Amino acid sequence: MNDVLDDLFNIIEDRKETLPEDSYTASLFTHEKGQNAVLEKLGEETTELVLAAKDNDHEEIAHESADIVYHLLVLLAMKDMELDDLRSELAERR
Ligand SMILES: N=c1c2ncn([C@@H]3O[C@H](COP(=O)(O)OP(=O)(O)OP(=O)(O)O)[C@@H](O)[C@H]3O)c2ncn1[C@@H]1O[C@H](COP(=O)(O)O)[C@@H](O)[C@H]1O
């Protein structure tokens, strides 16, 4: 059974293939800045996560963490990588 990360990654890969006009995800794959668009988002959201952690704002920590994970999955898809590449790397560390 797929978990939420598998489902999200599958949707991201679908957006990469089909590039719907109204999709934010698709816009990241076609952005004039190329991969820098997603890299900049990861940088911004990491800063926002740090601020949320400093404020001990649990709701905001969860929100910014989700933004980071989403953009990280977009980056993996952009690099033609799989979610299993991340899983394997984590599993090897156990
Ligand atoms: N999980 C996400 C997701 N997380 C974050 N984002 C977008 O990432 C952007 C974050 O940038 P910003 O932080 O600048 O946006 P913001 O609204 O100002 O956010 P904050 O300042 O509040 O952090 C926003 O436009 C969000 O909508 C996401 N956009 C899409 N998805 C999922 O991706 C899938 C495909 O959706 P489409 O992109 O609509 O096709 C769907 O399952 C969506 O749920």
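Residues numbered from 1 in each chain as written. Predicted model: local features only at pLDDT ≥ 70, side-chain atom pairs only at ≥ 80, totals over all residues.

- Per an unreviewed UniProt entry, the protein chain goes by Phosphoribosyl-ATP pyrophosphatase and derives from Haladaptatus pallidirubidus.
- Database annotation for the protein chain, UniProt heading Sequence similarities (unreviewed entry): "Belongs to the PRA-PH family." (UniProt positions renumbered as here; feature names shortened; annotations may be inferred.)

Here's the deal with the overall build of the protein chain
So, step 1. When helices and strands are tallied, the protein chain shows five helices and zero strands.
So, step 2. Starting at the N terminus, the α and β elements of the protein chain follow one another as α-α-α-α-α.
So, step 3. If one aligns the C-alpha atoms of the protein chain with their principal axes, the spans along those axes are about 40 × 35 × 20 Å. (Helix = DSSP H or I, 4+ residues; strand = E, 2+ residues; numbered from the N terminus.)

Some details on the site of the ligand
So, step 1. Inspection of the region around the ligand gives L8, I11, R15, S23, Y24, T25, K41, E45, E48, D67 and Y70 as its neighbouring residues.
So, step 2. When residues of the shell around the ligand are traced back to their parent elements, those giving at least two are α1 (4-18), α2 (24-29), α3 (36-54) and α4 (58-78).
So, step 3. Counted by class, the shell around the ligand contains four nonpolar, two polar and five charged residues. (Near = placed C-beta within 6 Å. Nonpolar A, V, L, I, M, F, W, Y, C, P; charged D, E, K, R; others polar.)

Structural notes on α4
So, step 1. When the terminal C-alpha atoms of α4 are compared, their 30 Å separation across 21 residues agrees well with the 30 Å that a helix rising 1.5 Å per residue should span.
So, step 2. Looking at α4, one finds that the buried residues are E64, Y70, H71, L73, V74 and A77.
So, step 3. Buried residues in α4 make contact with α1, α2 and α3.
So, step 4. D80 sits one or two residues past α4 and shows a positive phi near 55 degrees. (Expected span 1.5 Å × (residues − 1). Buried ≥ 20, exposed ≤ 12 C-beta atoms within 10 Å, placed from the backbone. Contact = placed C-beta atoms within 7 Å.)

Section: the nonpolar core
So, step 1. With eight residues, the main nonpolar core is built from F9, I12, L28, V38, Y70, L73, V74 and A77.
So, step 2. At the level of elements, α1 and α4 are the ones that each hand at least two residues to this core.
So, step 3. Element by element, the count of residues in this core is highest for α4, at four residues.
So, step 4. Dropping the residues within four chain positions of it, V74 is found in contact with I12, T25, L28 and V38. (Core = buried A, V, L, I, M, F, W, Y, C linked by C-beta atoms within 7 Å.)

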